[in-house]
Amino acid sequence: MRKITPAERQQLFDALIGRLREFVVVLVSPAGNFTSWHGGVQQLFGYTEEEFIGKHLDLLLPLSERLRGTGRRELDRAAETGCASDTRPLVTKTGQKVVVEGVTIALRSASGELLGFGKVLRDVTRQKMTQEDLLALTRALDQSAVIVRQWDGTIDHWTSGCQRLYGWTAAEAIGRRCGELLGTSYPHPLDDIQRRLLEAGSWDGELRHVRKDGSAVEISAHWALLLNEERDPLSIIETHSDITALISAQRELETVNRKLQTMALELERSNQELEEFARIASHDLSAPITSTRWIVEMLAE
């Protein structure tokens, strides 16, 4: 087998680097200027080779990071420890920010002289956004009253929103039976609700629970059923919303409506009594007038 020459080895290495478009691989001088260009640079940041080589690495940093000297500190850390890695936002040619995960490696000669640095960068914007979205969703769910329980009611997860609503901490609630802990009053038999949950995969309804302090709370509940691969019930996710004030307002409105209906009936009865009184009074008043008119007519004759 023919031995590969150093020039051919360099050519193969350059070809390999050139194919790694999902990574940006560049060299930086000890002063911090880019001394090489890679196709990934244009793909991720938008700079051509002529626009990139010779520019200081501050070219890719946001203005605030430039003013703090972040680029220089990163090179100094790599020179001191041999390697420096981080994840930070960088700026493209058009001013768009991208989140990049990178490592900076100090390159030295056999005698230890610092020749420059190698930087390998990878765009993790999408992954970072996904992680941030998941964190935001987790925080939002934790603020909401969400219970994850088993089919038999055993509580596996209890959010801080549940603690605010019911008073029990997660340590006090996890492992307890949900219906027993909350003293649940169901609008229909529980067997019927569970049958509906198995058929449709979800159930919505109103429940009455009892807080830790003994006070009652009206709840709008949404249950979602999770199944395992064998289609057996795995977990139930319950989302609870406090509608106590709404139910109280509805009951007050119903009470007022009943009072208004009673008043309307009484008013109708009073009107009927007035009409009857007017009829009788009209009859009683018309009798003397008729008699008087008859006497007058006789006198006239």
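Residues numbered from 1 in each chain as written. Predicted model: local features only at pLDDT ≥ 70, side-chain atom pairs only at ≥ 80, totals over all residues. Heavy atoms only, no water.

A.B. asks: Please set out the packing of aromatic side chains residue by residue, giving values where relevant.
C.D. replies: Under the counting rule described, the total for this entry stands at 4 aromatic pairs. Between tyrosine 47 and phenylalanine 52, the aromatic rings sit 6.4 Å apart at their centres with planes inclined by 40 degrees, giving tilted as the arrangement. Accessibility expressed as a relative area gives 10% for tyrosine 47, which makes it buried. Accessibility expressed as a relative area gives 1% for phenylalanine 52, which makes it buried. Ring geometry for tryptophan 158 and tyrosine 166: centres 5.9 Å apart, planes at 45 degrees, overall tilted. Note that arginine 149 overlies the ring of tryptophan 223, its terminal NZ or CZ placed 4.8 Å from the centroid. (Phe/Tyr/Trp six-rings, centres within 6.5 Å; stacked < 30°, edge-to-face > 60°. Buried < 20%, exposed > 50% of the residue type's maximum accessible area, 1.4 Å probe, protein only. Lys NZ or Arg CZ within 6 Å of the ring centre and 35° of its normal.)

A.B. asks: Give me the pattern of salt bridges: which residues, what numbers.
C.D. replies: Per the stated rule, a full pass over the model turns up 13 salt bridges. Measuring nitrogen to oxygen at the nearest pair gives 2.6 Å for the salt bridge that ties glutamate 218 to arginine 208. Remark: arginine 208 occurs in strand E7 (residues 202-210) and glutamate 218 occurs in strand E8 (residues 216-227); sequence separation between them is 10 residues. When salt bridges that share partners are traced, they join Glu74, Asp86, Arg88 and Lys119 into one network. (Salt bridge = Lys/Arg side-chain N within 4 Å of Asp/Glu carboxyl O. Helix = DSSP H or I, 4+ residues; strand = E, 2+ residues; numbered from the N terminus.)

A.B. asks: So what about the sheet that holds strand E5 (residues 145-149)? Which residues, and what values?
C.D. replies: Strands pair in a sheet through their backbones, by hydrogen bonds, and they do so in one of two ways: parallel or antiparallel. With antiparallel pairing, the 5 strands of this open sheet are ordered in space as E6-E5-E9-E8-E7. Looking along the sheet, the strands with just one partner apiece sit at the ends: strand E6 (155-158) and E7. Each strand of the sheet is rotated relative to its neighbour by a mean of 25 degrees, with strand direction disregarded. Across 5 bridges, the pairing between E5 and strand E9 (residues 233-242) is antiparallel. In the sheet register, valine 148 faces E9, and the bridge partner there is isoleucine 237. Docked against the sheet, helix H10 (residues 190-200) engages E7, E8 and E9, running at close to 150 degrees with respect to E7. (Pairing = 2+ DSSP bridges. Axes fitted to C-alpha atoms, helices over the stretch in contact; angles between N-to-C directions. Contact = heavy atoms within 4.5 Å.)

A.B. asks: Please give an account of the environment of leucine 90 that cites residues and values.
C.D. replies: Position of leucine 90 among the secondary structure elements: in strand E2 (residues 83-91). The class of leucine 90 is buried, set by a relative accessible area of 7%. Put simply, leucine 90 and leucine 60 are 30 residues apart on the chain and 5.4 Å apart in space, counted from C-alpha to C-alpha. Apart from residues no more than four positions distant in its own chain, leucine 90 is found in contact with Phe45, Leu60, Leu61, Pro62, Gln96, Lys97, Val98, Val100 and Leu121.

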